[in-house]
Amino acid sequence: MKRALIKYAKRGEAALLSHRETMRSLERALRRSGLPLVFTSGYNPRPRMSFSPALPLGIQAEAEYLEVSFDGETDLEAAMQVMNSALPKGLSIIDIQELTASMPKLSKWTRYGLYRVPGDVGEVFLLLALAGGKQARLKDALASLWQRLGLPIGSELRGISRVGLYASDEEVFEDAGDSVYFFDGELGELEVLTNSV
Amino acid sequence: MGIDVFLEYELLGVSHPGRYLGTEVNARNKPFSEASVRWALIYPDVYEIGMSNLGLSILYEIINDTTEAMADRAYLPWVDMQERLLECGVPLFGLESRRPLASFDILGITLQHELTYTNVVRILDLAGIPLLARERDEVCPLVIGGGPGAFNPEPIAELFDFLVLGDGEEAVLEITDAVRNWKQEKTLDRSDFLRQCASIPGIYVPSLYKFAYRADGTIDSITAEAGAPNPVKKRLLSDLDGWLYPRRPVVPLIEAVHDRVSVELFRGCTRGCRFCQAGMIYRPVRERDGRLLANWARELVANTGCDELSLTSLNSADYTSILSLSEELAMEMESRHVAVSVPSLRTDSFSVQLASRLRRVKQTGLTLAPEAGSARMRASINKGVSEEDLMRAVAAAYGEGWRKLKLYFMIGLPSEGEEDVEEIWRVVRRIMREGDSGAPAKGLKLSVSISTFVPKPHTPLQWAAQMTPPEIARRHFILKEGLRMKGVTLRWHSREMSYLEGIISRGDRRLLPAVISASRQGCLDGWGEFFSWRRWEEALATEGLNPAWYAERERPFDEILPWDHLHCGVERDYLWEEYRKAGEGESTPDCRIRDCTFCGACPGKGASA
Ligand code: SF4
């Protein structure tokens, strides 16, 4: 049994599909792709798939992930093409690669999410822990951020994208520039992290 | 506000925004501006129900395959979205094109159930289109109806420019042609154009028919204008194989009620259950070719990625080569992890074995519909199932490993006594004891569903009285008391909803003001939380209409019925004879197994003298 990591984007109106609806669309595209999927056993077999942490409704994404198991030889490039021809507008597969046995599972490294938030003076980046003690809800984080930026609370969700998922907070600067707002869910506070390297 | 801007700002605030995006895989998206005839196909209920309708999906395919025409889709938005539309002053629109419904040439609305009639009114209101056909001018779309409701559309007939009776495949092409010519030539005004449409077979133009009433409220006459057919005969395709079938259907963005792809094995059913409207209006049986069906099934699965394939019809176990077809598909689909299901099975061990052979991929439920508890009632409705058939079917299901079964019964049938209702719980108790060859059935769970009989037009029971809600309540009580036992759950339909269904289903044109006012006061009858019998009572009373007169009255043979000018093929005399036989408990065999009984539905076979 092999594993493949699929990286996908959810742009524009596709942000209005719930996590569940997105999973369904991806599953259907996978079933059409010719990838020799491995199914779960039991009364209701489903393709063995795992997804990166759920994205709240209305948020776009540049780099979400889906891990699938498959058997036998297959042309991943071709599978990606078929999938891309069978997805609702706004969902697209960006990359698909085979994982080696030593590579960690999706849930092990998708611990932080980086959000790009449009503001009055250009965009800012917001970082959230998606698992563990400092985990926070995006809604709470945005409320703090908007307050800090002097924007009315409950401003638009439109235009916000999750741009990356990371194993640790140090990895984010590659995508976010030198500083990023971090919302600590445990303390309920917004802090600024800067690149120390 | 433009529709695009509206969607961009408002969708995030409504439930299930995926309903309104129109960006589904396999949506045809034919350019609105390039088409010379623009259809919006409308299911007057919420997206996830409408998307499961095969009829509209067939017409969508056929229209979009013609070069000059396009077909978009629309559904009734949920109430939160309705509020947003009204508040922003944005009219209801086609999902794919995002153009106002008012800018289409034809709005084709399917009438699947009487309790969606208030929804139809709501859709036209949201679209900003004058409700009554006679109030619409040249720039308004033609509003046309179809589906089973077209066989007695009178309570809302005046909303429609015309309706199509029977199979729609060929008719939509003829309508498309007629509309294209009309638009190009610009010589006929709207009412002359409608007169011309009345000559297309199967087309009923309500404005050409006048109703006169007697002092006692019954109909005195139905007169057709010169040139309009009387009766209007339904459209019938004698061979379905030559017609397009959607093999690349639109894949719903949010989970549909029936989340599966379907191949239609056949149309029609001749078992002859006397309460069943579908069994009369879709006659005769027309089977599709098995090779075609198998190929379509493969294409459907490949083109949608769907994980369930349904072999549909009114009675799938009756398909001639059901065993070989289902066996072939089940084997092939198993390797792809696609479940094959056969809904609407008969109550016999053959059907159970069939279901069990298909149950390879997914544990599906099993439903048996003996319909009535007592042998007397089953004979009366011509349901040729004996209690022993039912027991054998249950034993077979139990033996094949099913532990959860669903049983359907109907109460409130003509001449039904309380002892007939008691038979239902007696049978259920017997099943619970005997699930496994006489011993108590270990682990068996029964879900017992009780529906209320509603007399339907074009059936043998169309003359019968409907039982009153208090009488039905007493029966529900009897069942509740009798079925207080472990492993049995009991559910029943809302009595008031069934009663309203009865009023509308045999209603006439005088009901229209009540339908409109109920809708405008917030009634969306099919949506439980927006059903209000109290508001309906008020609406009927305001119009001086007596609900009991419509629902509870047995009609004499010579009374003119509001659908006597609409003909489904089965003759009125035949239905009356069946009504008599219902009273006597006489059976009528299935004409596919035994001889033709001369119902009138087959062209050339003639009706009984
Ligand atoms: S006309 Fe005869 S064969 Fe045709 S559907 Fe009626 S009973 Fe059956």
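Computed from a prediction, not measured in an experiment: that's the story for all the values here.

Q: Can you break down the sheet that holds strand β6 (residues 203-204) of chain B residue by residue, with the values?
A: All names here are of chain B. Taken together, the six strands give an open sheet; going across it, the order is β2-β1-β3-β4-β5-β6, and neighbouring strands pair in mixed fashion. Strands at the two margins of the open sheet, each flanked by one partner only, are β2 (69-75) and β6. Across seven bridges, strand β1 (residues 37-43) lies against β2 in parallel orientation. Counted as the bridge partner of arginine 38 is methionine 70 from β2. Contacting β1, β2, β3 (106-110) and β4 (142-146), helix α5 (residues 117-127) runs over the sheet at an angle of about 160° to β3. Running at roughly 25° to β4, helix α7 (residues 190-197) makes contact with β4, β5 (162-164) and β6 of the sheet.

Q: Can you break down the UniProt feature "domain: DUF2344" (unreviewed entry) in chain A residue by residue, with the values?
A: In this numbering, the UniProt entry assigns the feature "domain: DUF2344" (unreviewed entry) to residues 3-145 of chain A. Along residues 3-145 of chain A the backbone is 24% helical and 33% strand, and the end-to-end C-alpha distance reaches 38 Å.

Q: Mind laying out the interface of chain A and chain B, listing which residues take part and the relevant values?
A: Contacts between chain A and chain B engage 24 residues on the former and 31 residues on the latter. Contact between chain A and chain B buries roughly 2400 Å² in total, counting both sides, with carbon and sulfur atoms accounting for 52%. Linking chain A to chain B there are six salt bridges. Ionic pairing is found between arginine 98 of chain B and glutamate 13 of chain A, a salt bridge with its closest N-O pair at 2.7 Å. Counting across the chain A and chain B interface gives 12 residue pairs in polar contact (both at pLDDT 80 or more).

Q: I'd like a description of the nonpolar core, backed by residues and values.
A: Among the nonpolar cores identified, the biggest contains 221 residues, and Trp39, Leu101, Leu159, Leu446 and Trp536 of chain B are the most heavily contacted of them. The contacts of leucine 159 of chain B, once residues within four sequence positions are left out, are Val120, Val121, Leu124, Leu131, Leu132, Ala133, Arg136, Val143 and Leu512 of chain B. Grouped together as the second largest cluster of nonpolar side chains are 27 residues, Tyr115, Leu151, Leu165 and Phe183 of chain A included.

Q: Before we move on, could you go through a negative patch on the surface and cite the residues and values that matter?
A: Residues and elements named next belong to chain A. The grouping of Glu170, Glu171, Glu174 and Asp175 at the surface amounts to a negative patch. Looking at the secondary structure, you find glutamate 171 in the loop between β7 (161-166) and α5 (173-176). In this structure glutamate 171 comes out as partly exposed when scored by relative accessible area, which is 38%.

Q: Tell me about the site of the ligand, residues and numbers included.
A: Neighbouring the ligand are Thr270, Pro284, Cys591, Cys596, Thr597, Phe598, Cys599, Gly600, Ala601, Cys602 and Lys605 of chain B. When grouped by side-chain class, the residues that make up the shell around the ligand number seven nonpolar, three polar and one charged.

The rules behind these values
- Residues numbered from 1 in each chain as written.
- Chains lettered and ligands numbered in written order.
- Predicted model: local features only at pLDDT ≥ 70, side-chain atom pairs only at ≥ 80, totals over all residues.
- Heavy atoms only, no water.
- Pairing = 2+ DSSP bridges.
- Helix = DSSP H or I, 4+ residues; strand = E, 2+ residues; numbered from the N terminus.
- Contact = heavy atoms within 4.5 Å.
- Axes fitted to C-alpha atoms, helices over the stretch in contact; angles between N-to-C directions.
- UniProt positions renumbered as here; feature names shortened; annotations may be inferred.
- Buried area = accessible area lost by both parts, 1.4 Å probe.
- Salt bridge = Lys/Arg side-chain N within 4 Å of Asp/Glu carboxyl O.
- Polar contact = N/O pair within 3.5 Å; in protein donor to acceptor, adjacent residues only side chain to side chain.
- Core = buried A, V, L, I, M, F, W, Y, C linked by side-chain atoms within 4.5 Å.
- Buried < 20%, exposed > 50% of the residue type's maximum accessible area, 1.4 Å probe, protein only.
- Patch = residues over 30% accessible without salt bridge, like charges linked within 9 Å, V, L, I, M, F, W, Y side chains within 5 Å.
- Areas by Shrake-Rupley, 256 points an atom, 1.4 Å probe, with all protein chains shown as cover.
- Lys, Arg positive; Asp, Glu negative; His and termini not counted.
- Charge placed at Lys NZ, Arg CZ, Asp CG, Glu CD.
- Near = heavy atom within 4 Å.
- Nonpolar A, V, L, I, M, F, W, Y, C, P; charged D, E, K, R; others polar.

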